[in-house]
Amino acid sequence: MPGTEVFDPYLQWLGIEPSARPANHYSLLGLQLFEGDPAKIAAAADERMGLIRQFQSGPRGMHTQRLLNELSVAKLCLLSEASKSAYDVELHRQMFPARSAPPLNAAAPLPRRAPVPYATPAPAPAAPARAAARPAVPAPAERRRIFTPFNIVFCGGLLVLIGGFGGYSLYQQKFAKVRQVAVETEEPEAAPKPKTKPKAKPTKPAKPAKPNPAASVAVVILQEGSGEVNLTPSTAQVTPNLVREVIGTQEVLSGWRSSEDVAEWQFKLVKPGFFELELQYFSESGISGQRVKVDWGANSQIVRLKNQIEVNRDRHAIVIQNDGQHTITVSPADKWPNDNFRLVSVRLIPGQSP
């Protein structure tokens, strides 16, 4: 109708003009282009997502989930070094397309440098004359005066002193060998008997792993104004084996192998009642027939997976009678031979009584 206001969440909430769309990850988070500081990226993403969550329970709550998903994908992509590097290369190629290089003969010649005048080196200073001449060689008659009686007596005494020191050192070496033989002939002391270790007690079998609260921050998802509840990988608490990945523009949870791999969400209902439980997931070959278990409160639902090319959407009717905060978990119902399940989201869609 003419005059009807069309609400634009990108412009009103994030300040992104229509001319700047589709928005890249940096503009969605309000960052400078190609920002490289992980702390700034995480802080900006948390601030944006906190701002959008304020409108979840309002009259325009239907617009919040899409923005939260896009902000979550941008955060995961830019905080991963490999994903950010590939994304930056593609974004740079789109924003600044490469131009063909000019031919080699068209390049401008490089400017020549002015010649530097050659400086004649200064002559080296002359070597100083020797202060004194060499002493004159004594005559043959003077050389014979060296062998005087005093010199002969002095040299003899010196030889006697050197011989005494040599004999003392030989005595010390012989005495050391005698001590070594005496030590080797002594009987060695008996080695202490090793202490026997007590038998180890049998260990109890490990309990199934539970979602690790330290692995992800607990987020309570509020019911939207339309009555829907959207649960995404970024808001889940997961066990260590599960991995958050990005396929195209979709954030997914992978690494499912056994019932110990669990994803858990906290959500709050204002309007309880009948819902359609919808699982969205990517599938690969061999996934058909595998079973997924969904638990909420004291109730549970077994979903048999299908194998399709596009995203699969399995829906099942459930009922939640009480309002307030609830918990829902997803895990394999049995052991899976292959990691071929990529969970996109869990949705609760208001429905009618079957």
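Everything discussed here concerns the structure shown above.
Residues numbered from 1 in each chain as written. Predicted model: local features only at pLDDT ≥ 70, side-chain atom pairs only at ≥ 80, totals over all residues. Heavy atoms only, no water.

Engineer: Would you mind showing me how to read empty space enclosed by the protein here?
Structural biologist: Any empty space left between atoms is shown by rolling a water-sized probe over those atoms. Per the counting criterion, the structure on display carries 1 cavity of 30 Å³ or more. Empty space within the largest cavity amounts to approximately 60 Å³. Those elements that provide at least two residues to the lining of the largest cavity are α3 (38-53) and α4 (64-79). Considering every element that reaches the lining of the largest cavity, the biggest residue donor is α4, with 3 residues. By residue class, the composition of the lining of the largest cavity is 3 nonpolar, 7 polar and 1 charged. (1 Å grid on protein atoms, 1.4 Å probe; cavity = no way out; pocket = protein on both sides within 12 Å on 5 of 7 lines; lining within 4 Å. Points joined across faces, edges and corners; volume = space filled by probe spheres on them. Helix = DSSP H or I, 4+ residues; strand = E, 2+ residues; numbered from the N terminus. Nonpolar A, V, L, I, M, F, W, Y, C, P; charged D, E, K, R; others polar.)

Engineer: How do you make sense of the pattern of salt bridges when you look at a structure like this?
Structural biologist: Pairs can form between side chains of opposite charge once their charged atoms are near each other. With the rule as written, the count across this model stands at 11 salt bridges. A salt bridge links Lys84 to Asp88; its shortest N-O distance comes to 2.8 Å. Pair noted here: Lys84 and Asp88 are both in helix α5 (residues 81-95), with a separation of 4 residues, about one helical turn. Asp88 gets classed as buried once you look at its relative accessible area, which sits at 14%. In this structure, the salt-bridge partner of Glu278 is Arg347, at a minimum N-O distance of 3.2 Å. Of this pair, Glu278 sits in strand β7 (residues 273-283) while Arg347 sits in strand β12 (residues 341-350), and the two are 69 residues apart along the sequence. Judged by relative accessible area, which is 1%, Glu278 ranks as buried. (Salt bridge = Lys/Arg side-chain N within 4 Å of Asp/Glu carboxyl O. Buried < 20%, exposed > 50% of the residue type's maximum accessible area, 1.4 Å probe, protein only.)

Engineer: Would you mind going over a nonpolar patch on the surface with me for this structure?
Structural biologist: Together, Leu33, Met95 and Phe96 make up an exposed nonpolar region whose accessible area comes to about 270 Å². Here Met95 falls in the partly exposed class, since its relative accessible area comes to 38%. (Patch = residues over 30% accessible without salt bridge, like charges linked within 9 Å, V, L, I, M, F, W, Y side chains within 5 Å. Areas by Shrake-Rupley, 256 points an atom, 1.4 Å probe, with all protein chains shown as cover.)

Engineer: Any chance you could explain the pairing of strand β8 (residues 291-296) here in plain terms?
Structural biologist: The side chains of a regular strand alternate, residue by residue, between the two faces of the sheet. Of the two faces of β8, the one lined by Val292, Val294 and Trp296 is fully buried and the one lined by Arg291, Lys293 and Asp295 carries no buried residue. Alignment of β8 against strand β9 (residues 299-304), held across 6 bridges, turns out to be antiparallel. Directly across from Arg291, in β9, lies its bridge partner Arg304. In sequence, β8 turns back onto β9 through a hairpin of 2 residues, with Gly297 there showing a positive phi of about 60°. With 5 bridges joining them, β8 and strand β11 (residues 324-332) adopt antiparallel strand pairing. Along β11, the bridge assignment pairs Asp295 with Thr329. (Pairing = 2+ DSSP bridges.)

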